[in-house]
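Structural overview for review
Listed below are the residues making up each chain.
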Amino acid sequence: MPTISITSNDGKLNSASAVLEVSATNQEYNQPVLRIKQAGTSGGAASIRIDDPNPDIEFVETGLTGPDPGAGKFEIAVQADQLQINGRNADVGPNKGFDTIVVFTRPAAGGNIGIGFPEAKDYKKFGGGQGVIVIANASVAPSPSKKIADVGILYVQDGALMYMSSNGNVKEIAPA
């Protein structure tokens, strides 16, 4: 039983709303709006738990200016056996929504990781593999003229696994 319970049965609302809103309105101070402290010692309790048919947490960075209406908007979502990290797409029309950035499947469902497909369904069944990483083709391959010191870049181009070293050398690691 909860110590405090807030329940609402308002029904359909005209816009996205919330049962509870917590606001910090003093612009002079940059401080947390909500802090959760757990006194348990075993680590088995969830500090935040969401029970919902489509659980997600949305992050919206405010105060941005620029042409992309999707900038600064991300979500962490659960779809059956997949945990997704998604970014808001730039479409402001009827298809507005999120593009999948990374998908993780739980170990019992394969333990796979998918990177770079716009929708989680594009990962298919991870090629039938378990414990695999699926990487989509790079939408734009890195440029040797824009190399980054002290890093290597791994990407897929036309189905081939590629590597660009910190000095800008590009090597095909595995052909398509």
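Before any of the text, the structure's been laid out above.
Residues numbered from 1 in each chain as written. Predicted model: local features only at pLDDT ≥ 70, side-chain atom pairs only at ≥ 80, totals over all residues. Heavy atoms only, no water.

**Observations regarding unusual backbone geometry**
At aspartate 150, a position not held by glycine, the phi torsion is positive, near 65°. Among the structural elements, aspartate 150 can be located in the loop between β6 (133–135) and β7 (153–157). Positive phi values are uncommon outside glycine, yet aspartate 158 reaches one of about 55°. Tracing the backbone shows aspartate 158 in the loop between β7 and β8 (160–164). (Helix = DSSP H or I, 4+ residues; strand = E, 2+ residues; numbered from the N terminus.)

**Brief notes about the sheet that holds strand β9 (residues 170–174)**
With antiparallel pairing, the three strands of this open sheet are ordered in space as β7-β8-β9. Edge strands, defined here as strands with exactly one partner in the open sheet, are β7 and β9. Ignoring strand direction, the axes of neighbouring strands in this sheet form an average angle of 35°. With four bridges connecting them, β8 and β9 associate as antiparallel partners. Across the sheet, the residue bridging to methionine 162 is glutamate 172, located in β9. (Pairing = 2+ DSSP bridges. Axes fitted to C-alpha atoms, helices over the stretch in contact; angles between N-to-C directions.)

In short, shape yes, function no, at least from these values alone.
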